[in-house]
Amino acid sequence: MKQLEFKQEAAQRIYDDYIKRINRTVATLSNADQQDIQLEFNSHIYESMQGSSKESEIDSLLDVLQKLGAPEEVLTQLVADKKLEQATKTFNPVHIFKALALNISNGISYTIFVILYLILGIGVFSVGAKIFFPDKVGFYVYEKGWSIGIGENSGTEVLGNWFIPVMLGVLLLLYILTTLMLRLIRKLKKKKKALQ
Amino acid sequence: MDESFIHRWQSQLKKGTLSFIVLNILQDKEYYGYELIESVREHTEIEVAEGTLYPLMNRLKKDDLVTSKWVEQESGIPRKYYTLTETGVNTLKQMQMYWDGLEASIKRIKL
(Lines give C-alpha, C1' and ligand atoms only; values in the text may rest on other atoms or scores of the structure.)
Protein backbone atom coordinates (compact mmCIF):
# COMPACT_ATOMS: atom_id res chain seq x y z
CA MET A 1 0.00 0.00 0.00
CA LYS A 2 1.27 3.44 -0.90
CA GLN A 3 1.54 5.45 2.31
CA LEU A 4 0.53 9.11 2.37
CA GLU A 5 3.25 11.68 2.87
CA PHE A 6 2.84 14.77 5.00
CA LYS A 7 4.98 17.89 5.18
CA GLN A 8 4.60 18.31 8.91
CA GLU A 9 6.36 15.66 10.94
CA ALA A 10 3.65 15.65 13.60
CA ALA A 11 0.98 14.98 10.97
CA GLN A 12 3.04 12.12 9.57
CA ARG A 13 3.30 10.58 13.02
CA ILE A 14 -0.43 10.85 13.67
CA TYR A 15 -1.16 9.25 10.29
CA ASP A 16 1.37 6.45 10.82
CA ASP A 17 -0.12 5.73 14.21
CA TYR A 18 -3.66 5.59 12.81
CA ILE A 19 -2.61 3.16 10.06
CA LYS A 20 -0.87 0.99 12.66
CA ARG A 21 -4.08 0.86 14.68
CA ILE A 22 -6.04 -0.21 11.59
CA ASN A 23 -3.49 -2.93 10.86
CA ARG A 24 -3.69 -4.21 14.42
CA THR A 25 -7.50 -4.27 14.38
CA VAL A 26 -7.76 -6.24 11.14
CA ALA A 27 -4.75 -8.53 11.79
CA THR A 28 -7.01 -11.56 12.44
CA LEU A 29 -8.52 -11.47 8.92
CA SER A 30 -7.25 -13.09 5.71
CA ASN A 31 -4.56 -11.16 3.86
CA ALA A 32 -6.95 -10.17 1.08
CA ASP A 33 -9.52 -8.77 3.54
CA GLN A 34 -6.82 -6.96 5.50
CA GLN A 35 -5.46 -5.33 2.40
CA ASP A 36 -8.90 -4.36 1.19
CA ILE A 37 -9.76 -2.54 4.42
CA GLN A 38 -6.34 -0.88 4.68
CA LEU A 39 -6.54 0.38 1.10
CA GLU A 40 -10.08 1.65 1.50
CA PHE A 41 -9.37 3.59 4.70
CA ASN A 42 -6.15 4.94 3.24
CA SER A 43 -8.05 6.09 0.18
CA HIS A 44 -10.68 7.69 2.39
CA ILE A 45 -8.04 9.65 4.31
CA TYR A 46 -6.36 10.75 1.09
CA GLU A 47 -9.59 11.88 -0.59
CA SER A 48 -10.83 13.69 2.52
CA MET A 49 -7.50 15.51 2.82
CA GLN A 50 -7.92 16.69 -0.76
CA GLY A 51 -11.42 17.90 0.02
CA SER A 52 -10.54 19.55 3.32
CA SER A 53 -10.89 23.31 3.63
CA LYS A 54 -8.70 23.63 6.73
CA GLU A 55 -5.52 25.67 6.30
CA SER A 56 -2.98 23.61 8.14
CA GLU A 57 -2.24 20.03 7.24
CA ILE A 58 -2.39 18.77 10.79
CA ASP A 59 -5.79 20.42 11.43
CA SER A 60 -7.17 18.77 8.31
CA LEU A 61 -5.80 15.38 9.27
CA LEU A 62 -7.12 15.54 12.84
CA ASP A 63 -10.50 16.57 11.49
CA VAL A 64 -10.55 13.73 8.96
CA LEU A 65 -9.51 11.08 11.47
CA GLN A 66 -11.96 12.27 14.06
CA LYS A 67 -14.83 12.07 11.59
CA LEU A 68 -13.72 8.62 10.53
CA GLY A 69 -13.60 7.45 14.15
CA ALA A 70 -11.29 5.19 16.15
CA PRO A 71 -10.33 2.12 14.09
CA GLU A 72 -10.97 -0.18 17.06
CA GLU A 73 -14.58 1.00 17.26
CA VAL A 74 -15.42 1.57 13.62
CA LEU A 75 -13.99 -1.74 12.44
CA THR A 76 -15.32 -4.02 15.19
CA GLN A 77 -18.49 -5.07 13.35
CA LEU A 78 -16.78 -5.32 9.98
CA VAL A 79 -14.01 -7.52 11.39
CA ALA A 80 -16.51 -9.75 13.25
CA ASP A 81 -18.63 -10.17 10.07
CA LYS A 82 -15.66 -10.96 7.84
CA LYS A 83 -14.05 -13.33 10.34
CA LEU A 84 -17.21 -15.40 10.65
CA GLU A 85 -17.48 -15.54 6.89
CA GLN A 86 -13.91 -16.79 6.62
CA ALA A 87 -14.36 -19.30 9.45
CA THR A 88 -17.44 -20.97 7.99
CA LYS A 89 -15.90 -21.04 4.53
CA THR A 90 -12.57 -22.60 5.49
CA PHE A 91 -13.71 -24.94 8.34
CA ASN A 92 -10.43 -24.01 10.04
CA PRO A 93 -10.86 -24.53 13.81
CA VAL A 94 -8.53 -21.62 14.63
CA HIS A 95 -10.66 -19.22 12.55
CA ILE A 96 -13.86 -20.64 14.07
CA PHE A 97 -12.53 -20.11 17.58
CA LYS A 98 -11.55 -16.50 16.83
CA ALA A 99 -14.78 -15.74 14.98
CA LEU A 100 -16.88 -17.01 17.89
CA ALA A 101 -14.82 -14.92 20.30
CA LEU A 102 -15.48 -11.82 18.18
CA ASN A 103 -19.20 -12.57 17.81
CA ILE A 104 -19.99 -13.81 21.30
CA SER A 105 -21.73 -10.55 22.15
CA ASN A 106 -23.88 -10.72 19.02
CA GLY A 107 -26.45 -13.16 20.36
CA ILE A 108 -27.10 -16.24 22.46
CA SER A 109 -26.84 -18.56 19.44
CA TYR A 110 -23.08 -18.00 19.26
CA THR A 111 -22.76 -19.02 22.90
CA ILE A 112 -24.55 -22.26 22.04
CA PHE A 113 -22.01 -22.87 19.28
CA VAL A 114 -19.16 -22.34 21.73
CA ILE A 115 -20.69 -25.11 23.88
CA LEU A 116 -21.17 -27.40 20.86
CA TYR A 117 -17.54 -27.00 19.84
CA LEU A 118 -16.45 -27.57 23.43
CA ILE A 119 -18.33 -30.90 23.46
CA LEU A 120 -16.53 -31.84 20.25
CA GLY A 121 -13.29 -30.87 21.99
CA ILE A 122 -14.09 -33.29 24.82
CA GLY A 123 -14.61 -36.00 22.17
CA VAL A 124 -11.16 -35.32 20.77
CA PHE A 125 -9.78 -35.50 24.30
CA SER A 126 -11.33 -38.95 24.80
CA VAL A 127 -9.54 -40.18 21.65
CA GLY A 128 -6.26 -38.97 23.16
CA ALA A 129 -7.12 -40.65 26.44
CA LYS A 130 -7.77 -43.95 24.64
CA ILE A 131 -4.22 -43.89 23.30
CA PHE A 132 -2.74 -43.55 26.79
CA PHE A 133 -5.26 -45.65 28.75
CA PRO A 134 -6.54 -48.23 26.26
CA ASP A 135 -8.08 -50.39 28.98
CA LYS A 136 -10.05 -47.70 30.73
CA VAL A 137 -11.47 -45.59 27.92
CA GLY A 138 -13.84 -46.52 25.12
CA PHE A 139 -17.41 -47.05 24.01
CA TYR A 140 -19.19 -48.94 26.79
CA VAL A 141 -22.50 -50.74 26.56
CA TYR A 142 -24.50 -51.49 29.69
CA GLU A 143 -27.72 -53.35 30.30
CA LYS A 144 -29.43 -50.06 30.01
CA GLY A 145 -27.75 -47.49 27.81
CA TRP A 146 -24.20 -46.69 26.84
CA SER A 147 -21.37 -44.24 27.53
CA ILE A 148 -18.32 -42.76 25.89
CA GLY A 149 -15.16 -42.14 27.88
CA ILE A 150 -14.13 -43.82 31.11
CA GLY A 151 -16.35 -46.84 31.54
CA GLU A 152 -17.71 -48.64 34.62
CA ASN A 153 -17.06 -52.28 35.44
CA SER A 154 -20.63 -53.35 34.80
CA GLY A 155 -20.34 -52.41 31.14
CA THR A 156 -18.53 -53.95 28.18
CA GLU A 157 -16.20 -52.01 25.94
CA VAL A 158 -17.25 -52.98 22.43
CA LEU A 159 -15.00 -51.10 20.01
CA GLY A 160 -11.47 -51.86 21.21
CA ASN A 161 -8.89 -49.97 19.16
CA TRP A 162 -11.57 -49.20 16.61
CA PHE A 163 -12.70 -46.58 19.13
CA ILE A 164 -10.11 -44.18 17.75
CA PRO A 165 -11.02 -44.18 14.02
CA VAL A 166 -14.77 -44.49 14.68
CA MET A 167 -14.73 -41.64 17.16
CA LEU A 168 -12.62 -39.44 14.87
CA GLY A 169 -15.02 -40.12 12.00
CA VAL A 170 -18.06 -39.27 14.08
CA LEU A 171 -16.39 -36.12 15.45
CA LEU A 172 -15.40 -34.99 11.97
CA LEU A 173 -18.96 -35.45 10.77
CA LEU A 174 -20.36 -33.53 13.75
CA TYR A 175 -17.75 -30.81 13.23
CA ILE A 176 -18.82 -30.35 9.61
CA LEU A 177 -22.51 -30.39 10.58
CA THR A 178 -22.01 -27.85 13.37
CA THR A 179 -20.03 -25.56 11.08
CA LEU A 180 -22.65 -25.81 8.34
CA MET A 181 -25.23 -24.88 10.95
CA LEU A 182 -23.09 -21.92 12.01
CA ARG A 183 -22.95 -20.83 8.38
CA LEU A 184 -26.74 -21.05 8.14
CA ILE A 185 -27.22 -19.03 11.35
CA ARG A 186 -24.84 -16.38 10.03
CA LYS A 187 -26.87 -16.08 6.83
CA LEU A 188 -30.18 -15.93 8.70
CA LYS A 189 -28.84 -13.24 11.01
CA LYS A 190 -27.63 -11.22 8.08
CA LYS A 191 -31.06 -11.42 6.48
CA LYS A 192 -32.67 -10.31 9.72
CA LYS A 193 -30.25 -7.41 9.97
CA ALA A 194 -30.97 -6.36 6.42
CA LEU A 195 -34.69 -6.28 7.14
CA GLN A 196 -34.34 -4.10 10.20
CA MET B 1 -42.07 20.29 22.55
CA ASP B 2 -39.75 17.47 23.51
CA GLU B 3 -36.57 18.23 21.58
CA SER B 4 -34.75 15.12 22.71
CA PHE B 5 -37.61 12.88 21.56
CA ILE B 6 -37.54 14.42 18.09
CA HIS B 7 -33.80 14.16 18.02
CA ARG B 8 -33.88 10.45 18.87
CA TRP B 9 -36.59 9.83 16.32
CA GLN B 10 -34.61 11.62 13.64
CA SER B 11 -31.47 9.65 14.32
CA GLN B 12 -33.37 6.35 14.22
CA LEU B 13 -34.96 7.34 10.96
CA LYS B 14 -31.61 8.33 9.47
CA LYS B 15 -30.06 5.06 10.49
CA GLY B 16 -32.95 3.11 9.06
CA THR B 17 -32.99 4.87 5.73
CA LEU B 18 -29.24 5.13 5.11
CA SER B 19 -29.06 2.01 2.95
CA PHE B 20 -32.08 3.24 0.98
CA ILE B 21 -30.42 6.61 0.45
CA VAL B 22 -27.08 5.06 -0.53
CA LEU B 23 -28.72 2.75 -3.08
CA ASN B 24 -30.65 5.72 -4.48
CA ILE B 25 -27.48 7.73 -4.94
CA LEU B 26 -25.75 4.81 -6.65
CA GLN B 27 -28.52 4.74 -9.23
CA ASP B 28 -26.95 7.41 -11.44
CA LYS B 29 -23.34 6.36 -11.51
CA GLU B 30 -20.58 4.60 -9.61
CA TYR B 31 -19.13 6.24 -6.53
CA TYR B 32 -16.10 5.74 -4.29
CA GLY B 33 -16.53 5.84 -0.51
CA TYR B 34 -15.60 9.42 0.28
CA GLU B 35 -17.55 10.75 -2.70
CA LEU B 36 -20.58 8.74 -1.57
CA ILE B 37 -20.43 10.24 1.93
CA GLU B 38 -20.17 13.73 0.45
CA SER B 39 -23.12 13.05 -1.79
CA VAL B 40 -25.28 11.80 1.09
CA ARG B 41 -24.40 14.98 2.98
CA GLU B 42 -25.18 17.20 0.01
CA HIS B 43 -28.54 15.64 -0.82
CA THR B 44 -29.89 14.94 2.62
CA GLU B 45 -27.93 17.05 5.10
CA ILE B 46 -27.34 13.82 6.98
CA GLU B 47 -23.94 13.76 8.65
CA VAL B 48 -22.93 10.15 8.13
CA ALA B 49 -20.61 8.86 10.83
CA GLU B 50 -18.04 8.22 8.15
CA GLY B 51 -16.58 5.03 9.53
CA THR B 52 -20.01 3.38 9.54
CA LEU B 53 -20.43 3.67 5.79
CA TYR B 54 -17.83 0.99 5.08
CA PRO B 55 -19.44 -1.76 7.17
CA LEU B 56 -22.72 -0.83 5.49
CA MET B 57 -21.17 -1.13 2.03
CA ASN B 58 -19.73 -4.50 3.02
CA ARG B 59 -23.19 -5.76 3.99
CA LEU B 60 -24.77 -4.44 0.77
CA LYS B 61 -22.02 -6.23 -1.11
CA LYS B 62 -22.59 -9.52 0.74
CA ASP B 63 -26.29 -9.22 -0.05
CA ASP B 64 -25.33 -8.82 -3.69
CA LEU B 65 -26.93 -5.38 -4.00
CA VAL B 66 -23.69 -3.65 -4.98
CA THR B 67 -20.35 -4.69 -6.42
CA SER B 68 -17.04 -2.94 -6.08
CA LYS B 69 -13.84 -2.63 -8.02
CA TRP B 70 -10.49 -1.01 -7.37
CA VAL B 71 -9.45 1.66 -9.86
CA GLU B 72 -5.85 2.87 -9.96
CA GLN B 73 -5.37 6.65 -9.76
CA GLU B 74 -2.57 8.95 -10.87
CA SER B 75 -1.96 9.81 -7.23
CA GLY B 76 -0.99 6.18 -6.62
CA ILE B 77 -3.86 5.86 -4.12
CA PRO B 78 -6.49 3.66 -5.78
CA ARG B 79 -10.22 4.25 -5.28
CA LYS B 80 -12.78 1.55 -4.61
CA TYR B 81 -15.83 2.23 -6.76
CA TYR B 82 -19.26 0.86 -5.90
CA THR B 83 -21.94 0.05 -8.49
CA LEU B 84 -25.52 -1.22 -8.18
CA THR B 85 -26.05 -4.79 -9.33
CA GLU B 86 -29.16 -5.94 -11.13
CA THR B 87 -30.45 -7.33 -7.83
CA GLY B 88 -29.67 -3.93 -6.33
CA VAL B 89 -31.70 -2.12 -8.98
CA ASN B 90 -34.69 -4.42 -8.43
CA THR B 91 -34.42 -4.23 -4.66
CA LEU B 92 -34.30 -0.46 -4.86
CA LYS B 93 -37.49 -0.45 -6.95
CA GLN B 94 -39.27 -2.47 -4.27
CA MET B 95 -37.94 -0.24 -1.52
CA GLN B 96 -39.15 2.80 -3.44
CA MET B 97 -42.62 1.31 -3.79
CA TYR B 98 -42.79 0.59 -0.08
CA TRP B 99 -41.58 4.09 0.70
CA ASP B 100 -44.19 5.68 -1.58
CA GLY B 101 -46.91 3.54 -0.03
CA LEU B 102 -45.85 4.59 3.45
CA GLU B 103 -45.79 8.22 2.50
CA ALA B 104 -49.26 7.99 0.95
CA SER B 105 -50.73 6.32 4.04
CA ILE B 106 -49.26 8.94 6.35
CA LYS B 107 -50.79 11.65 4.16
CA ARG B 108 -54.14 9.89 4.27
CA ILE B 109 -54.04 9.76 8.06
CA LYS B 110 -53.46 13.49 8.20
CA LEU B 111 -56.47 14.28 6.02
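Predicted model only: the values in this text are computed from it and were never measured.

Student: A description of the overall build of chain A should follow, citing residues and the corresponding values.
Tutor: Counting secondary structure elements, chain A contains 8 helices and 3 strands. Mapped from its N terminus to its C terminus, chain A presents α and β elements in the order α-α-α-α-α-α-α-β-β-β-α. For chain A, the C-alpha radius of gyration of 25 Å lies well beyond 16 Å, the compact-globule estimate for 196 residues. Counting all 196 residues of chain A, 24% fall into the buried class. Taking contacts inside chain A between residues at least 6 apart in sequence as the whole, the part at least 24 apart equals 48%.

Student: Any chance you could break down the interface of chain B and chain A for me, citing the residues and the numbers?
Tutor: On the side of chain A, 18 residues touch chain B, which itself brings 19 residues to the contact. When contributions to the side of chain B that touches chain A are tallied by element, the ones reaching two or more residues are helix H2 (33-44), helix H3 (50-62) and strand S3 (79-84) of chain B. Counting residues per element, the side of chain B that touches chain A draws most heavily on H3 of chain B, which supplies 8 residues. For the side of chain B that touches chain A, the residue count by class is 7 nonpolar, 6 polar and 6 charged.

Student: Explain the environment of leucine 177 of chain A to me, and be specific about the residues and the numbers.
Tutor: Secondary-structure assignment places leucine 177 of chain A in helix H8 (residues 163-195). When the C-alpha positions of leucine 177 of chain A and isoleucine 14 of chain A are compared, they lie 47 Å apart, and in sequence the two are 163 residues distant.

Student: Outline the sheet that holds strand S1 (residues 137-141) of chain A, supporting the account with residue identities and numerical values.
Tutor: Residue and element names in this part refer to chain A. Pairing is antiparallel across the open sheet formed by 3 strands, whose spatial order is S2-S1-S3. Of all the strands in the sheet, the pair left with one neighbour each is strand S2 (146-150) and strand S3 (156-157). Looking at chain direction, S1 and S3 are connected through 2 bridges and run antiparallel. Across the sheet, valine 141 pairs through a bridge with threonine 156, a residue of S3.

Student: Provide a residue-level description of the nonpolar core, including the pertinent values.
Tutor: In this structure, Val79 of chain A together with Leu36 and Val66 of chain B are the most contacted members of the largest nonpolar core, which totals 38 residues. Considering every element that reaches this core, the biggest residue donor is helix H5 (residues 76-90) of chain A, with 5 residues. Both domains that meet at this core, namely domain 1 (9-74) and domain 2 (90-195) of chain A, each give it at least three residues.

Student: Give me the confidence of the model for chain B: which residues, what numbers.
Tutor: Residues and elements named next belong to chain B. Of the residues in chain B, 99% reach a pLDDT of 70 or more, and the chain-wide mean stands at 91. Mean pLDDT in chain B bottoms out at H3, which sits at 88, and peaks at S3, which reaches 97. As scored by the predictor, the complex reaches a pTM of 0.74 and an ipTM of 0.86.

Student: Tell me about the pairing of S1 of chain A, and please be specific about residues and values.
Tutor: Residues and elements named next belong to chain A. In terms of burial, S1 is a largely internal element, 4 of the 5 residues being buried. One ladder, built from 5 bridges, connects S1 with S2; its direction is antiparallel. Bridge pairing in S2 links glycine 138 to glycine 149. Joining the antiparallel neighbours S1 and S2 is a turn of 4 residues, in which glycine 145 adopts a positive phi near 90°.

Student: If you had to explain H2 of chain B to someone new, which residues and values would you point to?
Tutor: Every α-helical turn comprises 3.6 residues, leaving residues that sit three or four positions apart pointing alike. The first and last C-alpha atoms of H2 of chain B sit 16 Å apart over 12 residues, in line with the 16 Å expected at 1.5 Å per residue. Buried-residue contacts for H2 of chain B involve helix H2 (31-51) of chain A together with helix H1 (3-25), strand S1 (31-32), H3 and S3 of chain B. Glutamate 45 of chain B sits one or two positions beyond H2 of chain B and adopts a positive phi of about 60°.

Student: Kindly report on the sheet that holds S1 of chain B, identifying the contributing residues and their values.
Tutor: Residue and element names in this part refer to chain B. What the 3 strands build is an open sheet, ordered S1-S3-S2; its pairing is antiparallel. Whereas interior strands pair on both sides, the edge strands pair on one side only; in this sheet they are S1 and strand S2 (66-71). Sheet topology note: the S1/S3 ladder contains 2 bridges and is antiparallel. In the strand pairing of S3, tyrosine 32 is matched with tyrosine 81.

Student: Summarise the domain arrangement of chain A; cite the residues concerned and give the values.
Tutor: Domain assignment breaks chain A into domain 1 (9-74) and domain 2 (90-195). One C-alpha centre belongs to domain 1 of chain A, the other to domain 2 of chain A, and the line joining them spans 42 Å.

Student: Any chance you could break down the environment of serine 154 of chain A for me, citing the residues and the numbers?
Tutor: Residue and element names in this part refer to chain A. On the secondary structure map, serine 154 appears in the loop between S2 and S3. Judged by local crowding, serine 154 falls into the exposed class, with 8 C-beta atoms found within 10 Å. Separated by 12 residues in the primary sequence, serine 154 and tyrosine 142 place their C-alpha atoms 6.7 Å from one another.

Student: If you had to explain the packing of helix H1 (residues 9-26) of chain A against H2 of chain A to someone new, which residues and values would you point to?
Tutor: Residues and elements named next belong to chain A. Interaxial distance between H1 and H2 falls to 10 Å at its minimum, and their mutual angle equals 155°. Classified by the angle between their axes, H1 and H2 sit roughly antiparallel to one another. Along this stretch, H1 crosses H2, giving a crossing that reads as right-handed. Here Ile22, Asn23 and Val26 of H1 lie close against H2, whose contacting residues are Gln34, Ile37, Gln38 and Phe41.

Cut-offs used in this document
Residues numbered from 1 in each chain as written. Chains lettered and ligands numbered in written order. Predicted model: local features only at pLDDT ≥ 70, side-chain atom pairs only at ≥ 80, totals over all residues. Helix = DSSP H or I, 4+ residues; strand = E, 2+ residues; numbered from the N terminus. Rg over C-alpha atoms; globule rule 2.2 N^0.38 Å. Buried ≥ 20, exposed ≤ 12 C-beta atoms within 10 Å, placed from the backbone. Contact = placed C-beta atoms within 7 Å. Nonpolar A, V, L, I, M, F, W, Y, C, P; charged D, E, K, R; others polar. Pairing = 2+ DSSP bridges. Core = buried A, V, L, I, M, F, W, Y, C linked by C-beta atoms within 7 Å. Domains from an automatic or database assignment. pLDDT = per-residue confidence, 0-100. Expected span 1.5 Å × (residues − 1). Axes fitted to C-alpha atoms, helices over the stretch in contact; angles between N-to-C directions. Parallel < 35°, antiparallel > 145°, perpendicular 65-115°, else oblique. Left-handed = near helix turned anticlockwise from the far one by under 90°.

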